[in-house]
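Fold and geometry: a report
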Amino acid sequence: MITVSQAVPGGYRTVSQAVSVAPDGAVISVGPGHYRENLVLTRPVTIAAEDGPGTVRISSAVGPAVRVESAAVSLTGVDLDTGGPEDVCALVASGRLSLVECAVRADSWAAVFAEGTGSLVMRDSTVRNPAGAGVVVTSSVGGAVHDSVFDGLGTSAVVVTGQGRLDVSGGEVRGSGGNGFFLSGTARFAASGTTIAD
C-alpha cells in the first residue's frame, strides 16, 4: 500500500506524487486533508480515504479535479470539487471511474462527464451542482449509478445524450432545477427504484 499524508513526514505529500510511482493495481491510502490537485489517471489504481468519507478533499481551481484516461480507477470516500465555471469535476475520457461513498461538488455545466470510451460507476455517493447537471453521459460504453443522491442542481440530475448508455438504480433526486432524467439522441437509459422528490 502507498500512503499519502500532509501530517506524517517521510511519505508522499500529494496524491499526484503517489500516483506517479504506483504500479498497476496499487492501493493509495490518503490521510485527512485538503489536496489542491488536478489528477490525471492513466493506470489502474484505487485511491481511498484512510479515515473514511468526508476526511479527504481533492479540489482544483481550474480543470477537472480527476481525469481518467485508459485505466480502471476507483475512488473511495473522497470528496471532489472544482471551482472552474466551465470545468467538470470528474471527467472520464476513456477507461472506467468507480466512485464509492464520494461527494462530488461543482459549479459548472456538469459535475461528472463520461465521454468517448469512458465508463462511470457510482455507488453510495452524492452529487451537487447549483450551476448545471449532475452526471452527463455521451459514451456508448455504458455505466451505472447505484444508491446515490443528487441534490441542489441547476438543471437535470442525469443527462444521457448522443449514443450514451447508463443505468440508474435506487437513490434520490431532490432540488433539481430541471428534469430528474433527460435523454436525447439514441441514448439508452434504464432507471429503477429511484425517488424523484422535486
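Each value, and the rule that gives it
Residues numbered from 1 in each chain as written. Predicted model: local features only at pLDDT ≥ 70, side-chain atom pairs only at ≥ 80, totals over all residues. Heavy atoms only, no water. Helix = DSSP H or I, 4+ residues; strand = E, 2+ residues; numbered from the N terminus. Rg over C-alpha atoms; globule rule 2.2 N^0.38 Å. Buried < 20%, exposed > 50% of the residue type's maximum accessible area, 1.4 Å probe, protein only. Contact = heavy atoms within 4.5 Å. Areas by Shrake-Rupley, 256 points an atom, 1.4 Å probe, with all protein chains shown as cover. Pairing = 2+ DSSP bridges. Phe/Tyr/Trp six-rings, centres within 6.5 Å; stacked < 30°, edge-to-face > 60°.

Counting secondary structure elements, the protein contains one helix and 22 strands. Whereas a compact globule of 198 residues would reach a radius of gyration of roughly 16 Å, the protein reaches 16 Å, a difference of no more than 12%. Each principal axis of the C-alpha distribution contributes one length, and for the protein these read about 50 × 30 × 30 Å. Looking at the protein residue by residue over its 198 residues, the buried ones come to 48%. Taking the contacts inside the protein whose residues are at least 6 apart along the sequence as the reference set, 41% of them involve residues at least 24 apart. Here the protein has roughly 8200 Å² of accessible surface; of this, 50% comes from carbon and sulfur atoms.

Reading across from one edge, S3-S6-S9-S11-S13-S16-S19-S22 is the order of the eight strands in this open sheet, with parallel pairing throughout. For this open sheet the edge positions go to strand S3 (33–36) and strand S22 (195–196), each flanked by a neighbour on one side alone. Taken together, the three bridges between strand S9 (residues 78–82) and strand S11 (residues 103–105) define a ladder with parallel strand orientation. For Asp81, the partnering residue across the bridge sits in S11 and is Arg105.

Turning our attention to unusual backbone geometry. Backbone geometry at Ser70 places phi at a positive 55°, although glycine is not the residue there. Note that Ser70 resides in the loop between strand S7 (66–68) and strand S8 (72–76). In this structure Ser70 comes out as exposed when scored by relative accessible area, which is 57%.

Further remarks concern the packing of aromatic side chains. Counted under the stated rule, the structure contains two aromatic pairs. Judged by centre distance (5.0 Å) and plane angle (50°), the rings of Phe181 and Phe189 are tilted.

Counting buried positions over the eleven residues of strand S10 (residues 90–100) gives eight, a clear majority of the element. Note that S7 and S10 share three bridges and pair parallel. Counted as the bridge partner of Val66 is Ala90 from S10. Strand direction decides the pairing type here: S8 and S10, joined by five bridges, are parallel. Considered in S10, the bridge of Leu75 is made with Leu99. Here ten bridges tie S10 to strand S12 (residues 110–123), and the two strands are oriented parallel to one another. By the bridge assignment for S12, Leu91 is matched with Phe113.

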